[in-house]
Amino acid sequence: MKGFGELGLAQAGIKLIGPGDITTDEELPNMGGRAAGVVTMFHYSAAGDRPANKAFVAEYKKAYGPNAWPNFISVGAWDAMQAILDAVIQQKGKLDPDKTMAILKGWKNPDSPRGPISIDPETRDIIQNEYVREVRKVDGVLANVELETIKAVKDPWKEITGKK
């Protein structure tokens, strides 16, 4: 991002488009104005306008401070803990490894902070929304604003090749 800004590429009319990890939520404050206008595709944004995400961000800030931002790693950990909790509840605390795997390989969470997610029972990969995002200033801070949603995306390589 620093090189993009220093080279004046945005001022030359060049639009930076890339994967979401080039504008992670927790790093946006360090990027300054040079990140504004960058378009990315990713499965999470702390600025996502979903009730579960708003609650997640509020709790995260309460735990880590008002200037802290959750990122895709923290939301992934949140979802993993929810999956574990659901497996424990379904087995009433008496865990069996085979039952646990059976529960998890078809697990769904319609209310993840990142939007609805599930585990593909065939590949055991996550199925999740992907968001087209643009870095914009919101309430005085840079944020990955979600513009479009591609719903329930499976691993494209496995979809194209049929390999598991």
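Reference entry: report on the structure contained in this document.

Cut-offs applied
Residues numbered from 1 in each chain as written. Predicted model: local features only at pLDDT ≥ 70, side-chain atom pairs only at ≥ 80, totals over all residues. Heavy atoms only, no water. Salt bridge = Lys/Arg side-chain N within 4 Å of Asp/Glu carboxyl O. Helix = DSSP H or I, 4+ residues; strand = E, 2+ residues; numbered from the N terminus. Buried < 20%, exposed > 50% of the residue type's maximum accessible area, 1.4 Å probe, protein only. 1 Å grid on protein atoms, 1.4 Å probe; cavity = no way out; pocket = protein on both sides within 12 Å on 5 of 7 lines; lining within 4 Å. Points joined across faces, edges and corners; volume = space filled by probe spheres on them. Nonpolar A, V, L, I, M, F, W, Y, C, P; charged D, E, K, R; others polar.

**Things to note about the pattern of salt bridges**
At step 1: For the coordinates displayed, the defined rule picks out nine salt bridges.
At step 2: Note that Lys15 is salt-bridged to Glu134, the shortest N-O span being 3.1 Å. Residue Lys15 is located in the loop between α1 (2–6) and β1 (17–19), and its partner Glu134 is located in strand β5 (residues 126–138); the two are separated by 119 residues in the primary sequence.
At step 3: Residue Lys15 is classed as partly exposed on the basis of its relative accessible area, which comes to 46%.
At step 4: Residues Arg114 and Asp79 are paired through a salt bridge, measuring 2.6 Å at the closest nitrogen-oxygen approach.

**Some details on the layout of surface pockets**
The method is simple in principle: a probe with the dimensions of a water molecule rolls over the atoms, and the space it marks as empty is what remains.
At step 1: One number sums up the size of the largest pocket: a volume of about 190 Å³.
At step 2: Taken together, 13 residues form the lining of the largest pocket, with Ala46, Ala47, Trp69, Val138 and Ala143 sitting closest to its centre.
At step 3: Elements represented by at least two residues in the lining of the largest pocket include exactly α3 (51–64) and β6 (141–153).
At step 4: Split into classes, the residues belonging to the lining of the largest pocket amount to eight nonpolar, two polar and three charged.

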